[in-house]
Amino acid sequence: HPDTTRYFIAGQANIIFQAHGPFHSPYEGVNSLLGRGEYKTSLMGTVYMAYQLNRSPKFATDGIFDVEEATGRGLSEALGLGGITDLDVVRNPTLGKTPYLARYELHQVIGLSDKLVEADRGPFSLATQLPARRIELSAGRMGLPDYFDLNSVGSDSHLQFMNWTVDQNGAWDYAANTRGYTDGIVAQYIDPAFKARYAIGAMPIVANGQVLQYEFRRANGQNVEFELPHGPGAFVPRLTQRRGAVRLLGYVNKANMGDYRQQNIKFLQGLTPTPDITAHPLQSTKKYGFGINMEQEVSDTVRLFARFGWNEGQHESFAYTEVDQTFNFGGDYSGRAWGRANDKIGLTFVTNAIKRDHQAYLKLGGLGFILGDGNLNYAREDILEGYYNLHTWRGVYYALDLQYINHPGYNQDRGPVLVESVRMHVDF
């Protein structure tokens, strides 16, 4: 698809094999990471298709249509960890192998200046030149991480890290069905000095559900992000000309979410046989949080990144994972230092936490949609991940990845566990 054509057709396939050996596990619940050794394979394939309905840079219009297939399973059916080890895993293995429409969007540019700047042509925007100051509108089925919380060092599970809480902010419980998509609208204001984004998307009817709630008065997920095109290096003289960015994210979800403290009280009063976060009348409650996302190029071969995320933790983890607070720091090193410009080494550390009411709920035997050992001796979940990504030929890459996880599922009675991974990625 040359840049001069109206159409865009591309694709990718990502195969991840993961395994871990036996680890210390004096007890397990239905949502535990299994203490015995196990191995699983996931496959994610996507065909990206788009067509330029209007080629004028100032009022460019694109139609986007992506088909996806997700098969295979995660370790322990993607249960037992706040930071699940394979971002490609669909959290509901009963959905089957049938390909599905991942995205169908209309993308509209509204130019606010006559000056044009070079733009990267890709699956979500086909123009190669765009106004320097503009508004961009996207509407339809989408993944909110396509637009928010992006990070060039830690956002791509196909060529970089694999852990859920490394490639995305674990405390951002963004609106999505179990496959990771929602129906909504994204509005962006883009200026050379800064970028600002707003999105509203449909929430699932139940936690980790596939069916979305379209009565936005009752349930919705709203997100805002403010991005500065200069990273922390802007304050270091030798780094002022290096690429970097700082992004501030905030969100508010409104949905039929339970309250951990209320369900703990009901159980302690003998009103429920176990704490059950879903045992409440139909209601609309709010969950909110924020995140900070930074990246900085240090040299021609070294880049660093960091994320911090927090949410109020009182209400039910509903759409992404069971993390109420997260801190992540890491970086990558380009293989151009040894003559392999497309190879890369990455290393990162992430530490996740949940709030006291959430801790008490799990200790009393409650189940979330991801966690539940039947008991809990609480500690932060700490994850160290490293990878080597090897480019072999054209769009073919192989990677070796290790994830060392201490206190899996926030439980210091269990673990540590080492997860080994091999990944093959093909772009076409």
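Reading the values: the criteria
- Residues numbered from 1 in each chain as written.
- Predicted model: local features only at pLDDT ≥ 70, side-chain atom pairs only at ≥ 80, totals over all residues.
- Heavy atoms only, no water.
- Helix = DSSP H or I, 4+ residues; strand = E, 2+ residues; numbered from the N terminus.
- Buried < 20%, exposed > 50% of the residue type's maximum accessible area, 1.4 Å probe, protein only.
- Contact = heavy atoms within 4.5 Å.
- Polar contact = N/O pair within 3.5 Å; in protein donor to acceptor, adjacent residues only side chain to side chain.
- Pairing = 2+ DSSP bridges.
- Salt bridge = Lys/Arg side-chain N within 4 Å of Asp/Glu carboxyl O.
- Phe/Tyr/Trp six-rings, centres within 6.5 Å; stacked < 30°, edge-to-face > 60°.
- Lys NZ or Arg CZ within 6 Å of the ring centre and 35° of its normal.

**A closer look at the environment of Asn220**
In this structure, Asn220 sits in strand β10 (residues 220-228). A residue is classified by how much of its surface remains accessible, and Asn220, at 8% relative accessible area, is buried. Look past the residues within four positions of Asn220 in its chain and what remains in contact with it is Ile200, Gly201, Met203, Val252, Asn253 and Lys254. Within polar-contact distance, the side chain of Asn220 engages the backbone oxygen of Phe216 at 2.8 Å.

**Looking at the pairing of strand β4 (residues 100-111)**
Bridge count for strand β3 (residues 61-72) against β4 is 8 bridges, and the pairing is antiparallel. Across the sheet, Gly63 pairs through a bridge with Leu106, a residue of β4.

**Structural notes on the pairing of β10**
In this structure, strand β9 (residues 194-201) lies alongside β10, joined through 7 bridges in antiparallel fashion. By the bridge assignment for β10, Ile200 is matched with Gln222. Note that β10 and strand β11 (residues 244-255) share 9 bridges and pair antiparallel. Bridge assignment links Gln222 to a residue of β11, and that residue is Val252.

**Thoughts on the pattern of salt bridges**
Taken as a whole and judged by the stated rule, the model has 23 salt bridges. Where Glu297 meets Arg242, a salt bridge forms, and the shortest distance between an N and an O atom there is 3.5 Å. Remark: Arg242 occurs in the loop between β10 and β11 and Glu297 occurs in strand β12 (residues 285-297); sequence separation between them is 55 residues. When its relative accessible area of 21% is taken as the criterion, Glu297 is described as partly exposed. Where Arg414 meets Asp373, a salt bridge forms, and the shortest distance between an N and an O atom there is 3.8 Å. Linking Arg414 in the loop between β17 (396-406) and β18 (417-427) with Asp373 in the loop between α3 (356-363) and β16 (381-393), this pair joins segments that are 41 residues apart in sequence. It is possible to trace a salt-bridge network through shared partners that takes in Arg197, Glu225, Glu227, Arg247 and Glu295.

**Observations regarding the packing of aromatic side chains**
This model, assessed by the stated rule, comprises 17 aromatic pairs. Each ring, one from Phe148 and one from Trp172, has its centre 6.3 Å from the other, and the planes form 50 degrees; the classification is tilted. Here Phe148, found in the loop between β7 (134-142) and α1 (164-167), pairs with Trp172, found in the loop between α1 and β8 (182-191); they are 24 residues apart in sequence, far enough to count as distant. Assigned by exposure class, Phe148 and Trp172 land together as buried. Ring centres 4.9 Å apart and planes at 85 degrees place the aromatic pair Phe161 and Tyr387 in the edge-to-face group. A residue pair is termed long-range when its members are at least 10 positions apart, and Phe161 in the loop between β7 and α1 and Tyr387 in strand β16 qualify at 226 residues. Using a relative accessible area of 0% as the deciding quantity, one classes Phe161 as buried. Taken together, the ring pairs in this structure connect Phe148, Trp164, Trp172, Tyr174 and Tyr320 into an aromatic cluster. For Arg179, the ring lying beneath its charged end belongs to Tyr100, and the centroid distance is 3.8 Å.

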